[in-house]
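Take a look at the letters that make up each chain.
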Amino acid sequence: DGAPPVSALAPRPRAGWRAGLGFVTLLSFVSRFYRLPEPPHVCWDETHFGKMGSYYINRTFFFDVHPPLGKMLIGLAGYLSGYDGTFPFQKPGDRYEQHNYMGMRGFCAFLGSCLVPFAYLTVLELSKSLPAALLTAFILIFDTGCITLSQYILLDPILMFFLMGAVLSMVKCNSCADRPFSASWWLWLSLTGVNLAGAMGVKFVGLFVVLLVGLNTIYDLWDLLGNLSLSLVSCTMELCIGPGDGFFSSAFQSQLIGNNLHNVSIPEHLAYGSVVTMKNLRMAGGYLHSHWHLYPEGVGARQQQVTAYLHKDLNNLWIIKKHDSDTADLLDSSSPVEFVRHGDVIRLEHKETSRNLHSHQHEAPLTRKHFQVTGYGINGTGDSNDFWRIEVVGRRAGKLIKVLRSKIRLTHVATGCILGSSGKTLPKWGWEQVEVTCTPYVKETPNSLWNFEDHINPKLPNISLDVLKPSFLEILLESHMVMIRGNSGLKPKDNEVTSKPWHWPINYQGLRFSGVNETDYRVYLLGNPVVWWLNLFTIGLYLLIAISTAVVLKRGVQLTSEYKGELSRVVLCGGGQVALGWLLHYLPFFMMGRVLYFHHYFPAMLFSSMLTGITWDTLLKFFSQFLSASTTARRVYGGGILALILLIMYSFYLFHPLSYGMIGPMASDPSSPMAGLQWMDSWEF
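On a predicted model such as this, the values are computed, not experimentally measured, just so you know.

(A) View of the side chain of Asp386. Among the secondary structure elements, Asp386 is positioned in the loop between β8 (371-376) and β9 (388-392). Despite being buried, Asp386 has no salt bridge partner; Arg347 is the closest side chain of opposite charge, sitting 5.9 Å away. Within the structure, Asp386 has its side chain in polar contact with the side chain of Asn356 (distance 3.0 Å). There is a polar contact of 3.0 Å between the side chain of Asp386 and the backbone nitrogen of Asp383. Setting aside anything within four residues of it in sequence, one finds Asp386 in contact with Ile346, Arg347, Asn356, Leu357, His358 and Tyr376.

Here it is in structure tokens:
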């Protein structure tokens, strides 16, 4: 007896979530690709972005106020679908005739269709509620504005694809917080970065989602700092993931101002007695590194650890020595310089601990059938297992070795194995650094290739490697500054419908995409009124619920621990992230001096739609708690979600001609199929 537990009111998200994902994805693609060829003429801003896609196909220089990625992708889609770049895109209404425009429209529709499954998965991850995810998906599927914006050659669906991809990846990465540096953690972290770069590469407003992810990261790092089960080293490693110059290749770092390789002058060729760092060429392979700590009992030989470390550190420094003699005399200014050559057998002595790079037939810590790599010996004196043959890829024996530019491999003389970075993260005893092994499988992969990065030898002259091209950076900087200034200085064209930010959430005024008169094929960008007004109402409702939840939790009101946990996780954390996303993508427009249009609100609308799904799911669960019978509670809960979905679908049924096109009398004419639907005088259809 008593109220049913909150977890019983909704199906488990794992039960049927894949079927739900497939269903909403199918509906999304059908709704976006339906009547995609119509109208067969240029609509609204297709005149700009279709033209710019043509410029890329024809390799014609042009200027635009937005970054280039979106137009490049449009051009690529047109090129791959057979469009030759010859249509002029002079003005809206120009017919495409025989020109193939469907590839570019289809590409934008595809990305626009992906918004629904992205939002579905994001809400599912935040709320763990399948009904909340389904409600969010149906809101976006049946929004006339989202459909319209996805069906034409525009930057908006491309921007929103990367934006929602970044949000989904961020949320998924957060879900892996209990297993940092795991494969899934790295995957979602990498996808977050890729999508953030994509959003910024399409429009400068992509900065807003970068800010959202940045604030989320700061919150996570602060939370980690208060986790006393983590060592300060682990917290520092999490923090260091941010800058991370060492994640990138030496050539990439040389173009980063402030990096120690920027405009660097160092000795060009490697010599005995040189102090160097070695960087693995595998992506995030790290620097060859050692420290005083030993491998633990039962992990190979109990000798000094050798790892790959992703950051700059004094423990990355090694001294190059001859295999059969000491090198101290080579540093004498009077002794001749002896260069290291392809095919030489060398020793590498760790500068800080004076132990040699060493391998033997003990098994590596993590990678089976690979050999362990250790630091061995005292003050540089070891044994024959410290000898390594240095070889340069693609060079002949006797050739000199160039710093930064030569790709080298180190072959262990005694066993024939090759030094490499496995990419696997060691346990806490290895400070969660990357495993270094000696692989007996002679295969040329980035894992087994290295380059020398830092190079110190006072006997050798320094030369500039000229890896930096200042003129290119100057051009790049100038082009971006001009884009930003051009963007901020945009003014409306004659007779163009502009709007103010306060107009957008209330669906005050739409945009004509095609046609003006009764005889024209008319498409009008306007949101589904029920969806937009429900979203607006929900923003205020969420604020009340969030404040109430915070007060209830603070005052210690008697609730089950499960319900408290759900309120905190879903309302304050999940809903809070989404509400912050809405604020960051809406409020900045009030401070912009440039001309603004209705379509600028759609990224914020994605967040308000997700907030609606989360809020109404939580509210219906709350009210169902007061019903004693679990069957009745489930019916009320499910019925409430269903009623909202049916209301949204009915509104879509009424207003779908706005997206899919209408011909005939205007809505003000009683004989019009849209008669009676002009609920606001500012709607112009």
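Past the structure itself, the notes keep going.
(B) Examining the nonpolar core more closely. If you look at the biggest cluster of nonpolar residues, it comprises 111 residues, and the most contacted ones within it are Tyr120 and Phe513. In terms of nonpolar packing, the next biggest core, distinct from the first, is built from 31 residues, Val276, Ile346, Val403 and Val436 among them.

(C) Examining the pattern of salt bridges more closely. In the structure shown here, the tally under the stated rule is 12 salt bridges. With a shortest N-O distance of 2.9 Å, Lys91 and Asp94 are connected by a salt bridge. In this structure Lys91 comes out as partly exposed when scored by relative accessible area, which is 47%. Across the salt bridge formed by Asp156 and Lys203, the nearest N and O atoms sit 3.7 Å from each other. Placement of Asp156 in helix α7 (residues 156-175) and of Lys203 in the loop between α8 (183-202) and α9 (207-225) is noted, with a sequence separation of 47 residues between them. Residues Asp156 and Lys203 agree in their burial class; the two are buried. Connected via shared salt-bridge partners are Glu125, Lys128 and Lys172.

(D) Expanded view of the environment of Lys621. Its place among the elements puts Lys621 in helix α15 (residues 602-624). On the basis of relative accessibility, which here comes to 6%, the residue Lys621 falls in the buried class. Taking the C-alpha atoms as reference points, Lys621 and Arg634, separated by 13 residues in sequence, lie 8.8 Å from one another.

(E) Geometry of the state of the cysteines. The full count for this structure, using the stated rule, is one disulfide. Residue pairing for Cys417: its cysteine sulfur links by disulfide to Cys438, the two sulfurs lying 2.0 Å apart. Residues Cys417 and Cys438 share a disulfide whose torsion about the S-S bond is about 95°; that sign makes it right-handed. One end of the pair, Cys417, is in the loop between β10 (408-412) and β11 (418-425); the other, Cys438, is in strand β12 (residues 434-439), and 21 residues separate them in sequence. For the residue pair Cys417 and Cys438, the accessibility class agrees, reading buried in each case.

(F) The pairing of strand β2 (residues 275-280), seen in detail. With six of six residues buried, β2 is to be regarded as a mostly interior element. In β2, alternate side chains face the same way, and those of Val275, Thr277 and Lys279 on one face and Val276, Met278 and Asn280 on the other are all buried. Note that β2 and strand β5 (residues 318-322) share two bridges and pair antiparallel. From the neighbouring strand, Val276 faces β5, where its bridge partner is Trp318. As judged from the five bridges shared by β2 and strand β13 (residues 450-456), these two strands associate in the antiparallel manner. Residue Val276 lies in a different strand from β13, and its bridge partner there is His455.

(G) Quick look at the environment of Ser406. Position of Ser406 among the secondary structure elements: in the loop between β9 and β10. For Ser406, a relative accessible area of 5% puts it in the buried group. For the pair Ser406 and Leu449, spaced 43 residues apart in sequence, the C-alpha separation works out to 9.8 Å. If sequence neighbours within four positions are ignored, Ser406 has contacts with Val392, Arg395, Ile401, Trp450 and Asn451.

(H) Representation of helix α1 (residues 17-33) in the model. Across its 17 residues, α1 extends 24 Å between first and last C-alpha, which sits within 8% of the 24 Å expected from 1.5 Å per residue. When α1 is considered as a whole, its buried residues turn out to be Trp17, Gly20, Leu21, Val24, Ser28, Ser31 and Arg32. Each buried residue of α1 sits inside an arc of 105° when the element is viewed along its axis, so together they form one side. The exposed set on the far side of α1, more than 90 degrees from its buried face, consists of Arg18, Ala19 and Leu26. Of the surrounding elements, those touching the buried residues of α1 are α4 (102-127), α5 (130-141), α6 (144-150) and α17 (657-660). Where α1 ends, the next residue or the one after it, Arg35, has phi of about 55°, a positive value.

(I) Representation of helix α3 (residues 69-80). Its 12 residues give α3 an end-to-end C-alpha distance of 16 Å, which sits within 8% of 16 Å, the value for a rise of 1.5 Å per residue. Regarding α3, the residues found buried are Gly70, Lys71, Ile74, Gly75, Ala77 and Gly78. For α3, the arc enclosing every buried residue in end-on projection is 160°, short of the 170-degree limit, so these residues lie on one face. Residues of α3 that are exposed and point more than 90 degrees away from the buried face comprise Tyr79 and Leu80. Looking at the packing, one finds that the buried side of α3 touches α2 (46-58), α4, α7 and α8. Count one or two residues on from α3 and you reach Gly82, which has phi positive near 100°.

(J) View of the packing of aromatic side chains. Overall, the coordinates contain 42 aromatic pairs when judged by the stated rule. On the numbers, 5.6 Å between centres and 45° between planes, the contact of Trp502 with Tyr508 is tilted. With centroids separated by 5.2 Å and ring planes inclined at 75°, the aromatic side chains of Tyr586 and Phe590 adopt a geometry described as edge-to-face. On the basis of relative accessibility, which here comes to 6%, the residue Tyr586 falls in the buried class. Given the relative accessible area of 45%, Phe590 is considered partly exposed. Counting every residue linked through ring pairs, the aromatic cluster contains Phe208, Trp504, Trp532, Trp582, Tyr586, Phe589, Phe590, Phe598, Tyr601 and Phe602. Over the face of the ring belonging to Tyr287 we find Lys279, whose NZ or CZ atom lies 5.6 Å from the ring centre.

(K) Looking closely at the packing of α2 against α3. At their nearest, the axes of α2 and α3 sit 8 Å apart, and the two run at 70° to each other. Our classification of the angle between α2 and α3 gives roughly perpendicular. Contact with α2, carried on its side by Phe49, Met52, Gly53, Tyr56 and Ile57, involves Lys71, Met72, Ile74, Gly75, Gly78 and Tyr79 of α3 and no other residues of that element. When its residues are assigned to classes, the contact of α2 with α3 shows seven nonpolar, three polar and one charged.

Rules of the game
- Residues numbered from 1 in each chain as written.
- Predicted model: local features only at pLDDT ≥ 70, side-chain atom pairs only at ≥ 80, totals over all residues.
- Heavy atoms only, no water.
- Helix = DSSP H or I, 4+ residues; strand = E, 2+ residues; numbered from the N terminus.
- Buried < 20%, exposed > 50% of the residue type's maximum accessible area, 1.4 Å probe, protein only.
- Lys, Arg positive; Asp, Glu negative; His and termini not counted.
- Salt bridge = Lys/Arg side-chain N within 4 Å of Asp/Glu carboxyl O.
- Polar contact = N/O pair within 3.5 Å; in protein donor to acceptor, adjacent residues only side chain to side chain.
- Contact = heavy atoms within 4.5 Å.
- Core = buried A, V, L, I, M, F, W, Y, C linked by side-chain atoms within 4.5 Å.
- Disulfide = S-S within 2.5 Å.
- Pairing = 2+ DSSP bridges.
- Expected span 1.5 Å × (residues − 1).
- Arc of directions from axis to C-beta.
- Phe/Tyr/Trp six-rings, centres within 6.5 Å; stacked < 30°, edge-to-face > 60°.
- Lys NZ or Arg CZ within 6 Å of the ring centre and 35° of its normal.
- Axes fitted to C-alpha atoms, helices over the stretch in contact; angles between N-to-C directions.
- Parallel < 35°, antiparallel > 145°, perpendicular 65-115°, else oblique.
- Nonpolar A, V, L, I, M, F, W, Y, C, P; charged D, E, K, R; others polar.

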